[in-house]
Structure formats: structure tokens, C-alpha cells
There are 2 protein chains.
Amino acid sequence: MSLRHAVLGLLADRPASGYDLMKRFETSLAHVWSATQSQVYGELGKLADGGLVEVSAEGPRGRKEYAITPAGRAELHHWLTEVEPTRARRSDSLLRVFFLGELTRLEARTYLLGEAERAAQQLAGLKEAEAAIDWGGDPLSVHGRLAMEYGKRLSEMHEEWARWAAEQLTP
Amino acid sequence: MSLRHAVLGLLADRPASGYDLMKRFETSLAHVWSATQSQVYGELGKLADGGLVEVSAEGPRGRKEYAITPAGRAELHHWLTEVEPTRARRSDSLLRVFFLGELTRLEARTYLLGEAERAAQQLAGLKEAEAAIDWGGDPLSVHGRLAMEYGKRLSEMHEEWARWAAEQLTP
DNA sequence: CCAACCATGTAATAAGTTACATGATTCA
DNA sequence: TGAATCATGTAACTTATTACATGGTTGG
């Protein structure tokens, strides 16, 4: 149930509308937690019902700006410090690896080298994003930087592993 | 929609009942693709309706053994070679990293060192599992081994990153 | 005989995706 | 004035989780 905490976390930084939040899901949080527009608007409604956020301002075009409440901040803090992170357990790219025996050796190697290539592409994309982002001192971006480093290390590891794995299949 | 492909992949190796499949989801596929019992039985029904698997034998206690059909094998092959893997984009442990600014520096460091510890535990668990598994020459385990190596490299990377990140927060 | 294990299913709920529907405001 | 952007919502559907419900078989 982390969508709600993603929303709370973003609002903890500063108030925002559903539309604003969507942009942040699509940019900074893109590789970490994805959400669709209907989820975000739905969750804002539920959070408001529960008193964890409140409408702090209304603007043109029916814009509603939400702000986190003390109860919301308490819930966020609780989640951050006391809820054990769940180990992610779903990767369709790794799932395929288990079934490479269904393919010829050549096809399997092609798949793994494709993985290496996709990982390399991802790394390039992250580096580009990193250069483009204004890493000004705002508190959220300090930690966004830590996450960025994770992404880079992950892509590197993924690429190396895939090349190694492809080699294992070369007799 | 990879649950269906996970089931097809397991049945491609050898026929199995829903119960058998569940055990394999809980063991070999545990870190790669999780599924619940009701999902597995439900998916077997749908796959059978679609002609991708068929009941190949019935045993005691209402046991139904399913086998993959040629159509199922074709679908599996298609998924393995032509469907682009989706980049996984959800990790609640990484999501927390973005919001560490809500915590004191000490709390944030504690979280990151906890991550390091959990990663180390995971690595230990994988090594133990690796030692316990009979890596006999069967085709599925050749590739299970590649996935195992991925898991080990991932845990190592995760631990190193978390220690590095904790250090970044030390003034 | 009873515990452990084998075995299948359904119901209710929650979470996530895709598509549809609508309209205001800004700026070139 | 027309395109891009801002802005919110709902409906239908799929996927995943949790809990319930039932019973047969094996082996110590």
C-alpha cells in the first residue's frame, strides 16, 4: 500500500495538486514507484477522507492544492521508521532467464545480450537525466541523488551480469 | 501479464499440478515472481480454457496434472523472444530513500544501515539456498543458476550502496 | 489415530491499468 | 484563433491479496 505513502511523501515536501503530483511521478519517481492519473486522484480523495491531507487552496480550472496534515506526517514517519520494506519480488526480465532452456542457445544468448544493451541504455538515460537535473540544495533532491546512484549501480551491475551470463552459454 | 508465462514456463519443463506449481513458486521462483495459490489455480483454469495447457492426468485427492500444449509452447516462445521485458518500476525500499528528509539524520542513517543489513541477510540466505540445491544438469536449473548469480550480485550491490549512502549523510 | 501433507477451489477486497469524458487558461 | 498545457474526474476491466471452505491420503 505504498502509493499512499508516495503521495504523502511528495506532499510532505510541499503542497501540490493532483496534476503536479503526476508530473513528479513521471519524472523523479519514475524508476521507483509508478502511478497512473486515476490512481493519484483516487488516492488524494481517500487521504482527504481520512484526514491525512487537506485541500489547502483552490485555483483556476478547478485546481485543488493539497497539503499534508499533522496526522499525515505522523503516518509517513511511521511508515518510514517502523514498517519493514518488502523485498520486491517480481521481474519479468529475470523470470525469462529461468525459461531460457526453451530457446536455442543462440536465441538465449540474444536475449541476454539484449538485456545488457537495455541496461546500458538505461544507464545512459540516467546519466543524461542526472546532468539535466538542477541538484539545488532542496531536501528532497539530496535523497533523490542517493536513489539516482542506486539506479546507476543497478544498471551497471545488470549489464555486467548479462554479459557474464551470455558467456556462460557459450560452450 | 507474466503470471501466465511463469505457469507456462514451469509446465514447459514438466507436467505438474497446481499444488506442485505452488511449491515451485515458493522455492525457485520466490525472488523473481511471486504468486498466490488462488492465482495459480485461477490461471490454470484460464490457460486450459484457452487451450494453452491441458489436463494430462488425474490422481488421488482430485489431483489434476496439467501439461503444456503446442499452442502454449508457441505462446511461451513468443513471449521469450518477442515481448520486450518491462523495466520493473516499484520498490518501496527505494521509495523511502526519497523521503528520508522527513527524518532526522540519525533516523535516516539507521534506515540505510538497516537496508545494508537486510541485503546482507538476503545474500546469506541465497548462499545457503545455493549450497542446498541439487544443481543437477536439468535444463531449468542451468538457468536458475544464472538467476541465482543475479540475486547474489544484486544483494552485494545493494549492501554496498546502502553503506555508501549512510556515509553520505554523515557530515 | 492423528498430524502432516496433498489437493482444489471460491468470495471478498484491494490495487493497478486503460479508456473515456470534459472543460478552462495561456500564449504565440 | 488554435495548439499546448492545465486540470479533474469516472467507468470498466484486470491483476493480486487475504480469507474462507472442504476434504482425501500417508505414515509414524
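It should be noted that the structure appears before, not after, this text.
Keep in mind that this is a model prediction, so the values were computed, not measured.

## Regarding the overall build of chain A
- Each helix and strand in chain A was counted, giving seven helices and two strands.
- Listing the helices and strands of chain A from first to last along the sequence gives α-α-α-β-β-α-α-α-α.
- Scaling as 2.2 N^0.38, a compact globule of 171 residues should have a C-alpha radius of gyration of about 16 Å, whereas chain A reaches 20 Å, well beyond that.
- In terms of overall dimensions, chain A has a C-alpha envelope of 65 × 35 × 30 Å along the principal axes.

## Considerations on the relation of the copies chain B and chain A
- For the pair chain B and chain A, the relating rotation is 180°, the translation along its axis is 0.0 Å, and the fit reaches an RMSD of 0.0 Å. Both chain copies can therefore be described as sitting about a two-fold axis.
- Of the residues that chain B buries at the interface, 100% are likewise interface residues in chain A, meaning the two copies contact each other through the same surface.

## A look at the pattern of salt bridges
- Across all of its chains, the model carries 29 salt bridges over all chains by this definition.
- For E149 of chain A, the salt bridge identified is with R153 of chain A, shortest N-O distance 2.8 Å. Note that E149 of chain A and R153 of chain A are positioned in helix α7 (residues 139-168) at a spacing of four residues, about one turn of the helix. Each member of the pair, E149 of chain A as well as R153 of chain A, carries the same accessibility label: buried.
- For the salt bridge of E115 of chain B with R118 of chain B, the shortest nitrogen-to-oxygen distance reads 2.9 Å. Of the two residues, E115 of chain B and R118 of chain B are both situated in helix α6 (residues 105-132); the distance of three residues between them amounts to about one turn of the helix. Of the two residues, E115 of chain B and R118 of chain B, neither departs from the other in class, the shared state being buried.
- Through salt bridges with shared partners, one network takes in E84 and R87 of chain A together with E115 and R118 of chain B.

## With respect to the interface of chain B and chain A
- Chain B puts 65 residues into the contact, and the matching count from chain A is 65 residues.
- Note on chain B versus chain A: buried area summed over both sides is about 6,500 Å², and carbon and sulfur give 67% of it.
- Interface area lost by chain B to chain A is led by F98, F99 and Y150 of chain B, which between them contribute 12%.
- At the surface where chain B touches chain A, the tally comes to six salt bridges.
- Where E115 of chain A meets R87 of chain B, a salt bridge forms, and the shortest distance between an N and an O atom there is 3.4 Å.
- There are 24 residue pairs in polar contact (both at pLDDT 80 or more) connecting chain B and chain A.

## Here's the deal with helix α4 (residues 70-82) of chain B
- If you check α4 of chain B, its first and last C-alpha atoms are 18 Å apart, about what 13 residues at 1.5 Å a residue would give, namely 18 Å.
- Those residues of α4 of chain B not exposed but buried are G72, L76, W79 and L80 of chain B. Take α4 of chain B and look down its axis: the buried residues cluster within an arc of 95°, on one side only. Opposite the buried face of α4 of chain B, by more than 90 degrees, sit the exposed residues P70 and E82 of chain B.
- Looking at the buried positions of α4 of chain B, the neighbouring elements they touch are α5 (92-98) and α6 (105-132) of chain A together with α1 (3-13) and β2 (64-68) of chain B.

## What to know about the protein's contact with DNA strand C
- Near DNA strand C there are 19 residues, and of these M1 and S38 of chain A together with Y19, Y41 and K64 of chain B occur at the shortest range.
- When the atoms of DNA strand C within 4 Å of the protein are sorted by group, sugar and phosphate make up 66%.
- Measuring from a phosphate oxygen of DNA strand C, one finds a side-chain N or O atom of K64 of chain B at 2.6 Å.
- If you list the elements that add at least two residues to the surface near DNA strand C, you get α3 (37-49) of chain A together with α2 (18-26) and α3 (37-49) of chain B.

## Describing the environment of E75 of chain B
All names here are of chain B.
- One can find E75 in helix α4.
- Overall, E75 belongs to the partly exposed group, its relative accessible area being 25%.
- Expressed as a C-alpha distance, the spacing of E75 and P171, which sit 96 residues apart in the sequence, is 55 Å.
- Once residues lying within four places of it in the same chain are set aside, the contact partners of E75 are H5, L8 and L52.

## A word on the packing of α1 of chain B against α3 of chain B
Residue and element names in this part refer to chain B.
- Two elements in contact, α1 and α3, have axes whose closest approach is 10 Å; the angle formed by their N-to-C orientations is 80°. Judged on the interaxial angle alone, α3 and α1 are roughly perpendicular. Note on element contacts: α3 touches α1 through Q39, E43, L44, K46 and L47, opposite L3, R4, V7, L8 and L11.
- Grouping the amino acids of the contact of α1 with α3 by side-chain chemistry returns six nonpolar, one polar and three charged.

## Side note on the protein's contact with DNA strand D
- With respect to spatial proximity, 18 residues lie near DNA strand D, and among them Y19, Y41 and K64 of chain A together with M1 and S38 of chain B are the closest.
- In the environment of DNA strand D, a phosphate oxygen lies 3.0 Å from a nitrogen or oxygen atom belonging to the side chain of R63 of chain A.
- The contact in question runs from a phosphate oxygen of DNA strand D to an N or O atom on the side chain of Q39 of chain B, over 2.9 Å.
- Counting residues per element, the ones that place at least two in the surface near DNA strand D are α2 (18-26) and α3 of chain A together with α3 of chain B.

## Some remarks on the packing of aromatic side chains
- By the definition in use, this model includes two aromatic pairs over all chains.
- For the pair Y150 of chain A and W161 of chain B, a centre-to-centre distance of 5.0 Å together with 80° between the ring planes defines the contact as edge-to-face. A residue pair is termed interchain when its members come from two chains, as with Y150 of chain A in helix α7 and W161 of chain B in helix α7 (residues 139-168). For the pair Y150 of chain A and W161 of chain B, one class covers both residues: buried.
- When the ring centre of W79 of chain A is taken as origin, the NZ or CZ atom of R96 of chain B, which lies over that ring, is 4.0 Å away.
- Its guanidinium or amino end placed over the ring of W164 of chain A, R153 of chain B lies 5.1 Å from that ring's centre, counting from NZ or CZ.

Basis of the calculations
- Residues numbered from 1 in each chain as written.
- Chains lettered and ligands numbered in written order.
- Predicted model: local features only at pLDDT ≥ 70, side-chain atom pairs only at ≥ 80, totals over all residues.
- Heavy atoms only, no water.
- Helix = DSSP H or I, 4+ residues; strand = E, 2+ residues; numbered from the N terminus.
- Rg over C-alpha atoms; globule rule 2.2 N^0.38 Å.
- Least-squares fit on C-alpha atoms with pLDDT ≥ 70 in both.
- Contact = heavy atoms within 4.5 Å.
- Salt bridge = Lys/Arg side-chain N within 4 Å of Asp/Glu carboxyl O.
- Buried < 20%, exposed > 50% of the residue type's maximum accessible area, 1.4 Å probe, protein only.
- Buried area = accessible area lost by both parts, 1.4 Å probe.
- Polar contact = N/O pair within 3.5 Å; in protein donor to acceptor, adjacent residues only side chain to side chain.
- Expected span 1.5 Å × (residues − 1).
- Arc of directions from axis to C-beta.
- Near = heavy atom within 4 Å.
- Axes fitted to C-alpha atoms, helices over the stretch in contact; angles between N-to-C directions.
- Parallel < 35°, antiparallel > 145°, perpendicular 65-115°, else oblique.
- Nonpolar A, V, L, I, M, F, W, Y, C, P; charged D, E, K, R; others polar.
- Phe/Tyr/Trp six-rings, centres within 6.5 Å; stacked < 30°, edge-to-face > 60°.
- Lys NZ or Arg CZ within 6 Å of the ring centre and 35° of its normal.

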